[in-house]
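Okay, here's what each chain looks like letter by letter:
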Amino acid sequence: MSTTAKGNAFRDTLEKVLSAAGFNTSTETKVGQKNVDVAAVWTKDDVAGEQRYVFEAKDYKGTLPAKECSEFVSDNLPLLLEGAIDRAWLISKGPIAPGGRAAAERHRGLQIITFIELQRRLLLIDSYLKDLIETYEQSQLESFYVRPETASGADLENHIKGWIEKDDAPPLFVLGAYGKGKSTFATHLAATMARLALVDPSARVPILVRLGEIADEQSIEGLLGKVLASQHRVTNYHFDTLRALNRNGRFLIIYDGFDEMKHGLTPAKFQQVLAELMRLDEGDARILVLGRDTAFHDEVEFRAVIDGIQRTSAGREITTPGRRSYSHVEIRGFTADEARTFVSNYLPIRAESEREGPATDQAWIAQRVVELSSGRFDRLLERPVHAQMLCEIAVQPDQLRADMSVYELFDSFVHLLIHRELEKRGRDRSFPLDSRRRFNAHLAWWLWEMGGASTTTLADIPQHICDAATRDLHHSLDREEMRRELIQGCLVEKGVNTIYFHRSLQEFLAAEHLIETDLLQRTGSPSWLHEVTSSVTPEVIEFVVAGTIVSKERRDRALSWLGNLADAKGERIALPGFDLFTQLGKSLNLVIEEPNDSPWLIWLAFFLRTGARDFGARGSNTFPVLADLISGTRGASLECQAAALYLLCRVLFHKVTDQSFAVALAAMIPVKQLSEATTEARVKKSERQIIRQADDFTFWALLRCWKVDRHEDETLLLSVDLISLHNDTMGAMPYGFDNDGAMPVQEVVTVQVQSIYRALASFKPSVPEKEIEAIRPFFNDADVRRKIAPVKVEYRRPQVQVTPQTMPEERHTLTLRRRSSN
């Protein structure tokens, strides 16, 4: 690029930034008798009124010489003195020679600055940077901060600094399980960069966006406006200005908690929200995203979000048009040495807030540090969030136990938080600890159901939550006073009327509410199954399961939840949420002796027996289990037969590379009925053998989706139309799961008929060879197959009004037992 072209390009860049900041601009125009690079008018100063500017753009290869600065003053001072303009600024793309700025400092209205300095002035963000630093210092985080590392052992902060310096670096995702210190790292990084930016105008300015606190905002304009304009009142904030400066590499955008935005969203909607956040990925931008790896349901969703890879219905992988692949790195938890360093630094700081008791004795605290660092607590110290909770508990003399589980750690921590609040002056003792905890748990679940929100206002809290928490209590407070009193405890107040849950505590409390309400069944909700499965996450499931094994009473209650599945209302539910029942069954060593009473129990039996969490995972027993369930539903209700075949479809939608599924297809064959129908078709050649859906759904569905062809080498091949079979099963029952993470990769499966015969012979008890021979004509003779017709008979009956007293009560009997420990 020529010198002139480079100069013109820089001038145009300058004009775009000024225009985005709100100036009315024009380029290469004449002011007085002088041609200027950019003429601009600022009309947003209510005190000074309209201000007229001229800007001269200089893109020198090296340092801008002092001579150029002197010439700028000579050229523009007359315009200023004549009153043709109010300001004249020289903007240098690179550094300015010593003494160059002084040429303009003697004259009011003239300035010589770098382009970087101009951009910092256009968005007066120093107050925001000071807020980041002040919050960091008030938390004393710097005193006990442990630098996190990646899964490969690299220093995470250095890794990110190296990524920032790379040319055209794509957005970087920092992933990790809950409690690994992602948010703490985001706070530290933002404060560290803020300190640097205050003394070095060329440094990138951090903008920290806590997505969980403002999850109600779905546009990038709204998110940044809430952070910079509403929360921190940045002067001159305008999204267009920020976007222009971001394009020029002035910021590091930090999105913390992207998994909190994902909760309650479908994979497609989540990708839409993420695409909105990534609108800032342009020019020399740097975008850092932190969140839990559990936000991705499976490898397919991970690749779609991180790599931008979509999967077609045919199983092909293609790149999402218009976006690039993102980078990712995993954050690991504490090592044993790091955990001990954290404890030795944090526990004394935590003890400083104690006013009485042994924690006020430095020698006692030192001994407590030795105890926590002895190795007996290493299991609970792996995650920073657990380490901090353990220190909170450790300042109490009688609360520390080396055999404490993670669930018990949270349970004790929540109890101590509420107890501490209850002991404060001014707390109303009419509201005991149990009521406050019940309120917090109910509120946590209410927010969780609203898409995983963690922030709300006092005015938005439903009155029924307050009433439920204070049932049987006598107090003198009005409703508003009662709300304020109840929010004390596990909730962190933000501002006057806003409250905020820490994510991990919210998950624990949401799980506690589910346990105490028997998975919402005590609330009388007819759609409790859908409400629970659509809202729970792996972390909430883990807390529910851990909370049900703490006592026999709770284990018995959990067993009843599984039994109640038989009567659950039919609807389509979230497959990941159904894992709650699978994990409960495993923890209780559950054996479902008669799963054929309900589709839900059939599906639960499948996941328990195979150990799978979704339909894509396969073990050596997947298809034998399917065969057993399909055979077991023979003679059961139409819905249960359909449920077993639905399982088969959902598993086979994921590509199969061998013939192992033949055993499950063989289980569909009613050998005796097929033998009789085959014989009748051969004898009564002019008559069709009718197979009714209501008489034998599995046989009926088989005839509709199976197709036999003879290969060139005379081999008989059986093809199964999975889409047709899936549609038939869904038409026969109102139950099912939402999309389990992927489009069907496989719509038709093909197997050699000989494999079906071998599968029948392998059954226990095996099908005799004589009976297998009797059904061979069905596969060998197309005329026989055509004469066996599947028929669906629909009856139309006049409407009859039935009073409630005459309606029969339908009852289901289910036998559940726990597997013997032997």
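The residue count restarts for each chain, going from 1 along the sequence in the order it is written. Selection of residues for local features in this predicted model requires a pLDDT of at least 70, selection of side-chain atom pairs for listing and counting requires 80 or more, and totals for whole chains, interfaces and linings are taken over all residues. In computing side-chain properties, one takes all heavy atoms of the structure into account and sets aside hydrogens as well as water.

A few points about the overall build of the protein chain
Logical step 1: In DSSP terms, a helix is any run of H or I states spanning at least four residues, a strand is any run of E spanning at least two, and both are numbered starting from the N terminus. Counting its secondary structure elements, the protein chain contains 35 helices and 24 strands.
Logical step 2: In terms of overall dimensions, the protein chain has a C-alpha envelope of 115 × 75 × 60 Å along the principal axes.
Logical step 3: Only protein chains enter the accessibility calculation, which uses a 1.4 Å probe. A residue is then buried if its area is under 20% of the maximum for its type, exposed if over 50%, and partly exposed in between. Taking all 822 residues of the protein chain together, the buried fraction comes to 52%.
Logical step 4: Contact definition: two residues touch when any of their heavy atoms are within 4.5 Å. Considering only contacts within the protein chain whose residues lie at least 6 apart along the sequence, 71% involve residues at least 24 apart.

Concerning helix H8 (residues 182–199)
Logical step 1: One less than the number of residues in a helix, times 1.5 Å, gives the span that helix is expected to have. In this model H8 runs 27 Å from its N-terminal to its C-terminal C-alpha over 18 residues, within 8% of the 26 Å that 1.5 Å per residue would give.
Logical step 2: Burial in H8 covers these residues: Lys182, Phe185, Ala186, Thr187, His188, Leu189, Ala190, Ala191, Met193, Ala194 and Ala197.

What to know about the sheet that holds strand S19 (residues 706–710)
Logical step 1: Here the rule is simple: two strands pair whenever DSSP picks up at least two bridges between them. Strand order in the open sheet formed by 3 strands is S19-S20-S22, with antiparallel pairing between adjacent strands. With one partner strand each, in any of the chains shown, S19 and strand S22 (748–752) form the two edges of the open sheet. For this sheet, the mean inter-axis angle between neighbouring strands, taken without regard to orientation, is 25°.
Logical step 2: One ladder, built from 5 bridges, connects strand S20 (residues 716–721) with S22; its direction is antiparallel. Its bridge partner being in S22, Val720 is matched across the sheet by Val749. Note on geometry: axes are C-alpha line fits, over the in-contact stretch for helices, and angles between N-to-C directions span 0 to 180 degrees.

Remarks on the pairing of strand S6 (residues 172–175)
Logical step 1: Of the two faces of S6, the one carrying Leu172 and Val174 and the one carrying Phe173 and Leu175 are both buried.
Logical step 2: Of the strand pairs in this sheet, S6 and strand S12 (residues 327–330) are connected by 4 bridges, and their pairing is parallel. Directly across from Leu175, in S12, lies its bridge partner Glu330.
Logical step 3: Bridge analysis of S6 against strand S9 (residues 287–291) gives 4 bridges, and the strand direction is parallel. From the neighbouring strand, Leu175 faces S9, where its bridge partner is Gly291.

Focus: helix H31 (residues 697–705)
Logical step 1: The buried fraction of H31 amounts to 8 of the 9 residues, a majority that puts the element mostly inside the structure.
Logical step 2: Three or more residues of H31 are buried, namely Phe697, Thr698, Phe699, Trp700, Ala701, Leu702, Leu703 and Cys705.

Details of the packing of aromatic side chains
Logical step 1: Ring pairs are drawn from Phe, Tyr and Trp, using the six-membered ring of Trp, whenever the two centres fall within 6.5 Å, and their geometry is named by plane angle: stacked under 30 degrees, edge-to-face over 60, tilted for the rest. Per the stated rule, a full pass over the model turns up 39 aromatic pairs.
Logical step 2: Measuring from centroid to centroid gives 5.8 Å for Phe144 and Phe342, while their planes differ by 85°, and the two rings are edge-to-face. Of the two residues, Phe144 is situated in helix H6 (residues 141–144) and Phe342 in helix H14 (residues 336–351); the sequence distance between them amounts to 198 residues. Of the two residues, Phe144 and Phe342, both sit in the buried class.
Logical step 3: With a centroid separation of 4.7 Å and an interplanar angle of 70°, the aromatic rings of Phe144 and Tyr346 are classed as edge-to-face. A residue pair is termed long-range when its members are at least 10 positions apart, and Phe144 in helix H6 and Tyr346 in helix H14 qualify at 202 residues. Assigned by exposure class, Phe144 and Tyr346 land together as buried.
Logical step 4: These aromatic residues form a ring-pair network of at least three members: Trp528, Phe578, Phe581, Trp600, Trp603, Phe606, Phe607, Phe615, Tyr646, Tyr735 and Phe737.
Logical step 5: Taking the ring centre of Trp89 as reference, the NZ or CZ of Arg121 above it sits at 5.6 Å.
Logical step 6: In our convention, an over-ring charge means Lys NZ or Arg CZ found within 6 Å of a ring centre and within 35 degrees of that ring's normal. Its end group placed over the ring of Tyr757, Arg776 keeps NZ or CZ at 4.1 Å from the ring centre.

Things to note about the sheet that holds strand S7 (residues 205–210)
Each strand in a sheet pairs with its neighbour through backbone hydrogen bonds, running either in the same direction (parallel) or in the opposite one (antiparallel).
Logical step 1: An order of S7-S8-S9-S6-S12 is seen for the 5 strands of this open sheet, with the pairing classed as parallel. Each of the sheet's edge strands pairs with one partner strand only, and the pair in question is S7 and S12. Pairwise comparison of adjacent strand axes, ignoring direction, gives a mean angle of 20° for this sheet.
Logical step 2: The sheet strands contacting helix H7 (residues 156–165) are S6, strand S8 (251–256), S9 and S12, and the helix crosses S6 at an angle near 170°.

Points about the packing of helix H17 (residues 406–422) against helix H21 (residues 503–516)
Logical step 1: At a closest axis distance of 11 Å, the pairing of H17 and H21 adopts a crossing angle of 100°. One finds that H17 runs roughly perpendicular with respect to H21. Facing H17, whose interface residues are Tyr407, Phe410, Asp411, Phe413, Val414 and Leu417, H21 presents Ser504, Leu505, Phe508, Leu509, Glu512 and Ile515.
Logical step 2: All residues other than Ala, Val, Leu, Ile, Met, Phe, Trp, Tyr, Cys, Pro, Asp, Glu, Lys and Arg, Gly among them, are scored as polar; the first ten of these are nonpolar and the last four charged. Each residue belonging to the contact of H17 with H21 can be placed in one class, and the counts come to 9 nonpolar, 1 polar and 2 charged. The cut-offs work like this: below 35 degrees is roughly parallel, past 145 is roughly antiparallel, 65 to 115 is roughly perpendicular, and the gaps in between are oblique.

Considerations on the pattern of salt bridges
Logical step 1: The rule for a salt bridge is simple: a side-chain nitrogen of Lys or Arg has to be within 4 Å of a carboxyl oxygen of Asp or Glu. Overall, the coordinates contain 57 salt bridges when judged by the stated rule.
Logical step 2: The partner of Glu149 in a salt bridge is Arg332, with the nearest N and O atoms 2.2 Å apart. Here Glu149, found in the loop between H6 and H7, pairs with Arg332, found in the loop between S12 and H14; they are 183 residues apart in sequence, far enough to count as distant.
Logical step 3: For Glu149, a relative accessible area of 22% gives the class partly exposed.
Logical step 4: Here Glu371 ties to Arg368 by a salt bridge, and the two come within 3.2 Å at their closest N and O atoms. In this pair, Glu371 and Arg368 both sit in helix H15 (residues 362–372), 3 residues apart, roughly one turn of the helix.
Logical step 5: The exposure class assigned to Arg368 is buried, which follows from its relative accessible area of 8%.
Logical step 6: When salt bridges that share partners are traced, they join Lys34, Glu56, Lys58 and Glu68 into one network.

Some remarks on the environment of Ser327
Logical step 1: Residue placement: Ser327 occurs in strand S12.
Logical step 2: When residues no more than four places from it in sequence are discounted, the contact partners of Ser327 are Pro170, Pro171, Leu172 and Phe173.

Section: the side chain of Glu338
Logical step 1: With respect to the helices and strands, Glu338 occurs in helix H14.
Logical step 2: Setting aside its immediate chain neighbours within four residues, Glu338 contacts Val146, Arg147, Glu149, Arg332 and Gly333.

Section: the packing of helix H26 (residues 599–610) against helix H28 (residues 638–652)
Logical step 1: One can describe the packing of H26 onto H28 by two numbers: an axis separation of 8 Å at closest approach and a directional angle of 40°. On the basis of their axis angle, the class for H26 and H28 is oblique. In the packing of H26 onto H28, the handedness of the crossing is right-handed. Between H26 and H28, the contacting residues are Pro599, Ile602, Trp603 and Phe606 on the first element and Glu639, Cys640, Ala643, Ala644, Tyr646, Leu647 and Val651 on the second.
Logical step 2: Split by residue class, the contact of H26 with H28 holds 10 nonpolar, no polar and 1 charged. Crossing handedness is defined as follows: a turn of the near helix away from the far one that is anticlockwise and smaller than a right angle gives a left-handed crossing, while the clockwise case is right-handed.

Observations concerning the state of the cysteines
Logical step 1: Here, a disulfide means two cysteine sulfur atoms that sit within 2.5 Å of each other. Counted by the stated rule, this structure contains 0 disulfides.
Logical step 2: No disulfide involves Cys705; its sulfur sits 7.3 Å from that of Cys649, the nearest cysteine.
Logical step 3: With a relative accessible area of 3%, Cys705 lands in the buried category.

Considering unusual backbone geometry
Logical step 1: Omega for the peptide link from Lys764 to Pro765 comes to -5°, which places this bond in the cis form.
Logical step 2: Here Pro765 shows up in the loop between helix H33 (753–762) and helix H34 (769–780).
Logical step 3: Its identity is not glycine, yet Gln140 carries a phi of approximately 60°, on the positive side.
Logical step 4: Mapped onto the elements of the fold, Gln140 is located in the loop between helix H5 (126–138) and H6.

Description of the environment of Lys44
Logical step 1: Along the chain, Lys44 falls in the loop between strand S2 (34–42) and strand S3 (51–58).
Logical step 2: Apart from residues no more than four positions distant in its own chain, Lys44 is found in contact with Ala21 and Gly22.

Some remarks on the environment of Trp561
Logical step 1: Following the sequence through the fold, Trp561 ends up in helix H24 (residues 552–563).
Logical step 2: Overall, Trp561 belongs to the buried group, its relative accessible area being 1%.
Logical step 3: Linking Trp561 and Asp518, residues 43 residues apart in sequence, is a C-alpha distance of 6.9 Å.

That is the geometry; function is a separate question.
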